[in-house]
Amino acid sequence: MLRYYRKLFQMIHRLLQVRAVNLGWLLLMAILTTLHIMMLNAGWVAIKAVLAGLFTLGLPFEVTLIVTVLTGSASLVNQSDEILAQAWRSYRRNWFKLIGFEGLLLLVWLPFGGAGFTATVVNFIGLSGSWADQIVMHRVFWLSVIGLAYLSILGGFTWSSPRLLKQDHASEQQPSIKGLWARLRLFFRPMVALWLPMLIVDELGVFFTHEWVVKMGQTSGRLTSMLILTVFVALTLLMLSAVLVAIIWESLGQPTFNPDFEKGDLLHTMAWFPTGLVVLLIGMFSFQAFHFGVTNPGVVSVAHRGTVNHNGVPNTIQSLKKTVQRHPSYVEIDVQETKDKQFVVLHNDTIAFKSGESKRPIRDFTLAQLQRVKRQDGGATAHLSSLREYLAVARANHQRVMVEIKVNPHDSADMARRFVRQYGRKIVAQQGLVHTMSYKTLTQLKTIDQELIVGYILPVNLFSIRNLPADFYSLQVIGLNQTFVQQAHSMGAPVFVWSPTRISQMQVMRVMGIDGIITDRLDRLEKMERQPPQSYYWAIVQEIVRQFI
């Protein structure tokens, strides 16, 4: 590995001394950073489109410059005009293949941050309600399909990259399993050698910011955090560029690069002015990130499954009576349809009546049968209750409720209508909320009673919500990003997140602009709400850095 590092960094160092490559790379970094600055601002769609187009066209040309230099003669490095001329001819001749290389690279790079644009790309994937339900309800299957599709794209990228970048294919091997495995190294070797260490360094930087900046004053902590963010964004962009160069170098078969620079020319190849411009732009990006990363004045507190720090059996009246003493904005509960078409407050869709018995589906039992069941959790015991009983106790304690309707394929066809008929007016009168993972059920509820406030629960953040309007959104903490939050807010809908339990998670969510937090650790949420602004600065650094990796 040390020999690999030495060869790789020698090649990159010499490559950056080539004036055409150096200036082209700096120009691309300036465009990329400016685009990131613009993405922090609402509007300016035309300018964003122009910058994205320039980067999309410029990256393949920079790749062509690198290939031209690495495969050219040793003296070619001193002839900038000739390098540009050769690269332009190659670009015109092979532009389709180069765009294909760029497209495959983008798809392969999406799980690793996509140079900060993964969320933006995902945001373009609009689905209908029926397709959204298919993915959400069968997410394990679809995640497996997406995983297999990604592996296929990765295999296609690693196999086709040498053919897309080389002009002479005479020596190309025929496809084979052994050859494909060897080709996979051209992606995984740079990832292990460069991306993984970068990830570790970035996480250490975030940890340092978390531990150190909180001890500073507000102004000094903010300035220090902005400086740290500037340094780490710059280092991350450098390392991502190195990964791209390493993939190109691997695709070309690791050619030896010993350029014959003319004496006295090396100093002039260091483009100080454009380098300073890029650093300035990164500094502006960091300033903008902190400007737009201000926290909300407060978040709505929601007790997940009606409990606070394991104070009782979840989804029971026993825990509700204890939770209301903490005065959360809402208590969140789960309800399911029973055999006799009633609604029981319960999360799991299976249950065992006695210890040692095998679990059976909830739909096999009537409400009366389920109300005789005793549930245990953390030493506490409580009976299951109907939604009617739970809402009555909540009303007596002046507690608002957020009801999640659990949906499965065996629900009755008129489930939504009966739910609204039995409980719609009660929930509206108590200023409660309803949310569900089924977009079909959401539209049915809103059609029946437009005054009912109904939200859409998304356990996966794999597609845009622009075609899926709702009164609010409940998004899972894993994989959540600021782009989804901004999109929901642009539609006039608040965003709840479920279910962070650590203060650090809650801080990150608040920095993203989340409106409400669904958690069973309201004690930690209350503690977070009392923290000073500098306690959140590390979360802004983490959120921005993780967008790139």
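Check the entry above for the structure.
Residues numbered from 1 in each chain as written. Predicted model: local features only at pLDDT ≥ 70, side-chain atom pairs only at ≥ 80, totals over all residues. Heavy atoms only, no water.

As for the overall build of the protein
Rules: For helices the rule is a DSSP run of H or I covering at least 4 residues; for strands it is a run of E covering at least 2, with both sets numbered from the N terminus onward. Only protein chains enter the accessibility calculation, which uses a 1.4 Å probe; a residue is then buried when its area is under 20% of its type maximum, exposed when over 50%, and partly exposed in between. Residues count as neighbours in contact if any of their non-hydrogen atoms are within 4.5 Å of one another. To be clear on the numbers: accessible area is Shrake-Rupley with a 1.4 Å probe, and residue cover counts the displayed protein chains and nothing else. Charged-residue counts in this description rest on Lys and Arg as positive and Asp and Glu as negative, His and the chain ends being excluded. The location of each charge is read from NZ of Lys, CZ of Arg, CG of Asp or CD of Glu.
When helices and strands are counted, the protein shows 20 helices and 13 strands. In terms of overall dimensions, the protein has C-alpha extents of about 90 × 60 × 45 Å along its principal axes. Out of the 549 residues belonging to the protein, those deemed buried represent 52%. Of all intrachain contacts in the protein linking residues separated by at least 6 positions in sequence, the fraction that spans at least 24 positions is 69%. Accessible surface for the protein amounts to roughly 26,100 Å². Of this, 61% is attributable to carbon and sulfur atoms. Mean positive and mean negative side-chain charge positions of the protein (52 and 35 charges, respectively) differ by 4 Å.

Brief notes about the layout of surface pockets
This is how it is decided: Buried and open spaces are told apart on a 1 Å grid over the protein atoms alone, a cavity being a set of points where a 1.4 Å probe fits but cannot get out and a pocket being an open set with protein on both sides within 12 Å along at least five of seven lines. Residues with an atom within 4 Å of a point are the lining residues. Grid points are joined across faces, edges and corners, and a volume is the space filled by probe spheres set on the points. Under this grouping Gly is polar, as are all residues other than the nonpolar Ala, Val, Leu, Ile, Met, Phe, Trp, Tyr, Cys and Pro and the charged Asp, Glu, Lys and Arg.
Here the second largest pocket defines a volume of roughly 880 Å³. Along the walls of the second largest pocket sit 33 residues, with Met137, Val407, Asn408, Pro409 and Asp411 positioned nearest its centre. It is helix H6 (residues 129-137) that contributes the most residues to the lining of the second largest pocket, 5 residues altogether. Class assignment for the residues of the lining of the second largest pocket results in 12 nonpolar, 12 polar and 9 charged.

Side note on the environment of Gly312
Note that Gly312 resides in the loop between strand S1 (300-303) and helix H12 (317-323). Put simply, Gly312 and Ile200 are 112 residues apart on the chain and 40 Å apart in space, counted from C-alpha to C-alpha. Setting aside its immediate chain neighbours within four residues, Gly312 contacts Thr307, Gln318, Ser319, Asp377 and Ala380.

Structural notes on the nonpolar core
Across soluble globular proteins, nonpolar side chains have a tendency to be buried as a group. Cut-off, in case you're wondering: Only buried Ala, Val, Leu, Ile, Met, Phe, Trp, Tyr and Cys residues count toward a nonpolar core, and they belong to the same one when joined by side-chain atoms within 4.5 Å.
Phe187, Leu387, Phe419 and Tyr456 are the most contacted members of the largest nonpolar core, which totals 163 residues. No other element matches the 15 residues that helix H9 (residues 218-251) contributes to this core. Residues contacting Phe419, with those up to four places away along its chain left out, are Val335, Phe343, Leu387, Val403, Ile405, Gly424, Ile427, Val434 and Leu445. The next biggest cluster of nonpolar side chains, apart from the first, holds 9 residues, and it includes Val344, Leu346, Phe365 and Leu370.

Quick look at the environment of Val308
Here Val308 shows up in the loop between S1 and H12. Sequence-wise, Val308 and Val331 are 23 residues apart; in three dimensions their C-alpha atoms are separated by 9.8 Å.

Spatial relationships are all this shows, so hold off on functional conclusions.
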